[in-house]
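Coordinate inspection notes
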Amino acid sequence: MIRLPRPAPVLVALLLATPAPAHAQVLIGYLFGEKLASPTFNMGFEVGINFGTVNGMGTAHRANKTVFGLFADWRFSEHFHLGSALLPFAGRGADELAPVLTGDAAIDNQISQSTMNRTMHLIEVPVILKWAPKRETGFRVGVGPSIGFITGANDRYQTSTASGSAFILERDIGPELPAIDFGLSAEVEYRLPILSIAARYTHGLTDVRSANQSGAVHTRTLTGTGRIYLGKKKAGK
């Protein structure tokens, strides 16, 4: 009989708290993290927040979106490492934007004086080449590309009726946006023996304007994350 290790309580709680699509990632990471670990490679969970805004839509407030997924780290030399992640929950966007008119007079009359929140749902895959003064712990700095696969997007207008009753109008703009939001990322990380914390800035290069927008729109995202290693082996073990 094959016996699997008993999950730690924190991982059980994580499984119960995460949405169903994330369960597979959690199980893969937990069951195979130790098996895939080597003196030069590890993987684990990445959990954090995207502080997003957009350039090209006037004044905007940052939108805070959850980041969750798996990361991997390959130390192929003493001072240079390659890090990547698969983040199926990596929202972007901005809050309190000037409304984008739809072209429908009945709707535009209601939203013209409102504010708008834009949300983009992405699967993000950053690939970062890092320089590390020390191989195992300490600070790292790196740069690299980030590919964001846009899986959906919406504009949410906060407005009111003629009588003053507040309501929210939401418009699906996913089909109007490109499939990929490509960007360049710069990252600073501090690594401890079993976990690390990192800040990553991603400068979007893809024009992600929706229909009826005349100027280019680009995402700007600051990500703060914590990374928990599931498997870590020192040289000689």
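Each remark here, short or long, concerns the structure printed above.
Structural notes, computed from the coordinates. Remember, it's a predicted structure, so these values are computed and weren't measured experimentally. (Residues numbered from 1 in each chain as written. Predicted model: local features only at pLDDT ≥ 70, side-chain atom pairs only at ≥ 80, totals over all residues. Heavy atoms only, no water.)

**Section: the pattern of salt bridges**
As a reminder of what qualifies: In the sections that follow, a salt bridge refers to a side-chain nitrogen of Lys or Arg positioned within 4 Å of a carboxyl oxygen of Asp or Glu. Secondary structure follows DSSP: runs of H or I at least 4 residues long count as helices, runs of E at least 2 residues long count as strands, and numbering of each begins at the N terminus. Three exposure classes are used, based on accessible area relative to the maximum for each residue type with a 1.4 Å probe and protein chains only: buried under 20%, partly exposed in between, and exposed over 50%.
For the structure shown, the criterion picks out 18 salt bridges. Notably, a salt bridge pairs Arg-92 with Glu-124, separated by 3.3 Å at the nearest N-O pair. A residue pair is termed long-range when its members are at least 10 positions apart, and Arg-92 in strand β4 (residues 92–97) and Glu-124 in strand β5 (residues 115–131) qualify at 32 residues. In this structure, Arg-92 and Glu-124 share a single accessibility class: buried. The closest approach of N and O atoms between Lys-130 and Glu-189, which form a salt bridge, is 3.0 Å. Placement of Lys-130 in strand β5 and of Glu-189 in strand β8 (residues 180–191) is noted, with a sequence separation of 59 residues between them.

**Overview of the environment of Trp-131**
Our working definition: Whether two residues touch is decided by their heavy atoms; if any such pair falls within 4.5 Å, the residues are in contact.
Here Trp-131 lies in strand β5. In this structure Trp-131 comes out as partly exposed when scored by relative accessible area, which is 40%. Residues Trp-131 and Gly-142, 11 residues apart in the sequence, show an inter-C-alpha distance of 6.1 Å. If near-sequence neighbours (up to four positions away) are discounted, Trp-131 is found in contact with His-79, Phe-80, Phe-139, Arg-140 and Val-141.

**Points about unusual backbone geometry**
Across the chain, the bulk of peptide bonds are trans and the bulk of non-glycine residues have phi less than zero. Phi at Glu-96 takes a positive value of approximately 55°, unusual for a residue other than glycine. Here Glu-96 falls in the partly exposed class, since its relative accessible area comes to 44%. Phi is positive for Asn-212, close to 75°, though the residue is something other than glycine. Assignment of secondary structure puts Asn-212 in the loop between β9 (195–204) and β10 (218–229). Among the residues examined, Asn-212 registers a relative accessible area of 53% and is labelled exposed.

**Regarding the nonpolar core**
Most often, soluble globular proteins have nonpolar side chains that are buried together. Rules: Buried Ala, Val, Leu, Ile, Met, Phe, Trp, Tyr and Cys residues form a nonpolar core when they are joined through side-chain atoms within 4.5 Å.
Ranked by internal contacts, the top residues of the largest apolar core, which has 17 residues, are Val-54, Met-57, Leu-97, Met-116, Met-120 and Tyr-157. Within the residue set of this core, elements represented by two or more residues are β4, β5 and β6 (138–160). Apart from residues no more than four positions distant in its own chain, Val-54 is found in contact with Gly-93, Ala-94, Leu-97, Val-217, His-218 and Thr-219.

**Overview of the pairing of β10**
Keep this limit in mind: Two strands qualify as a pair provided that DSSP identifies no fewer than 2 bridges between them.
Direction of pairing for strand β1 (residues 41–55) relative to β10: antiparallel, over a ladder of 12 bridges. Following the sheet pairing, Phe-51 is matched in β10 by Leu-222. Pairing of β9 with β10, which is carried by 9 bridges, proceeds in the antiparallel orientation. In the strand pairing of β10, Leu-195 is matched with Ile-228.

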